[in-house]
Amino acid sequence: MTELITCLWFDGNAREAATFYTSIFPESHLQDNWIAPTDTPGNKQGEEIVVNFKIFGRSFIGLNGGPQFPHSEAISFQIPCANQGEIDKYWELLTKDGGQESQCGWLKDKFGISWQVTSPEMMKYLGGNDPQGAERATKAMISMSKINLEEMRLAYLGKSK
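Rules used throughout
- One numbering rule holds for all chains: residues counted from 1, following each sequence as written.
- Only residues with pLDDT of at least 70 get local features here, since the model is predicted, and only at 80 or more are side-chain atom pairs given and counted; chain-wide, interface and lining totals rely on the full set of residues.
- Note: side-chain values were computed over all heavy atoms of the structure, leaving out hydrogens and water.
- Exposure is judged per residue with a 1.4 Å probe applied to protein chains only, and the accessible area is read against the type maximum: over 50% gives exposed, under 20% gives buried, and values in between give partly exposed.
- Helix numbering and strand numbering both begin at the N terminus, where a helix is a DSSP run of H or I of at least 4 residues and a strand a DSSP run of E of at least 2.
- A strand pair is defined by DSSP finding two or more bridges across the two strands.
- With axes taken as lines fitted to C-alpha atoms, and helix axes fitted only over the stretch in contact, angles between N-to-C directions fall between 0 and 180 degrees.
- Put simply, a crossing is left-handed when the front helix is turned counterclockwise from the back one by less than a right angle, and right-handed when it is turned clockwise.
- Contacts are residue-level and defined by heavy atoms, with any inter-residue pair within 4.5 Å sufficient.
- Residue type decides the class: Asp, Glu, Lys and Arg count as charged, Ala, Val, Leu, Ile, Met, Phe, Trp, Tyr, Cys and Pro as nonpolar, and the leftover types, Gly among them, as polar.
- Take a side-chain nitrogen of Lys or Arg and a carboxyl oxygen of Asp or Glu: if they are within 4 Å of each other, that pair is a salt bridge.

K.L.:
Got a minute to help me understand the pairing of strand S4 (residues 58-64) in this structure?
P.N.:
The two faces of a sheet get side chains in turn, since along a regular strand they alternate between them. Within S4, five of the seven residues are buried, leaving the element largely enclosed by the surrounding structure. Here strand S1 (residues 6-10) runs beside S4; their pairing, made up of five bridges, is parallel. Note on S4: the bridge partner recorded for Trp9 is Leu63. Two strands pair when backbone bridges link them, and strand S3 (residues 48-55) and S4 are joined in this way by six bridges, in the antiparallel orientation. By the bridge assignment for S4, Ile55 is matched with Arg58. Counted between consecutive antiparallel strands, the loop separating S3 from S4 contains two residues, among which Phe56 sits at a positive phi close to 50°.

K.L.:
Where do I start with the packing of helix H4 (residues 131-142) against helix H5 (residues 149-157) in this structure?
P.N.:
Relative placement of two packed helices is described by the angle separating their axes and the distance separating the axes. For the pair H4 and H5, the least separation of the axes is 7 Å and the interaxial angle reads 145°. Like other packed secondary-structure pairs, H4 and H5 cross with a definite hand, here right-handed. Across the interface between the two elements, Gly133, Ala134, Arg136, Ala137, Ala140 and Met141 from H4 touch Met152, Ala155, Tyr156 and Leu157 from H5. When grouped by side-chain class, the residues that make up the contact of H4 with H5 number eight nonpolar, one polar and one charged.

K.L.:
How do you make sense of the pattern of salt bridges when you look at a structure like this?
P.N.:
Charged atoms that come close allow side chains of opposite charge to pair. Across all of its chains, the model carries six salt bridges by this definition. Measuring nitrogen to oxygen at the nearest pair gives 3.0 Å for the salt bridge that ties Lys146 to Asp88. Placement of the pair is Lys146 in the loop between H4 and H5 and Asp88 in helix H2 (residues 84-95), with a sequence separation of 58 residues. Of the charged contacts, one joins Lys139 and Glu135 as a salt bridge, the two residues approaching to 3.2 Å between their closest N and O atoms. One end of the pair, Lys139, and the other, Glu135, are both in helix H4, four residues apart, so they sit about a helical turn from each other. Looking at Lys139, the relative accessible area reads 55%, which means it is exposed. On the accessibility criterion, Glu135 (43% relative accessible area) is partly exposed.

Set out below in structure tokens:
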């Protein structure tokens, strides 16, 4: 086995989702697809069943499987952003056109896929050497939708903005 591939189930809009994701993330592009050569349980002859694509250089399959299995927060993708600018960029792109903000850096995009827009910097505050600072940073994070690294840093240090 050379790589583990994630298959995302969609209700007829796999190409739209794959096009959306490949327009947002680096090292991303659409690949080949599979058109139904005959009627299948979920598709008619000539319909696109599968679209293969890469995001961040990782392989994904978008499967047009039908409405039976909607996405849930039980599976999410984490984007480890280098700084606040990246957090802001991905947050804006993934929540526009019907995406939904959640809590602690979590969101759902317009296709119902869950994402965690985070940063490794957060662990300086959540798991830092100062237990009271970590508690303050955690409380600050819990009150956030989109992560604000500066507010977390200030909370860790016991300073207000």
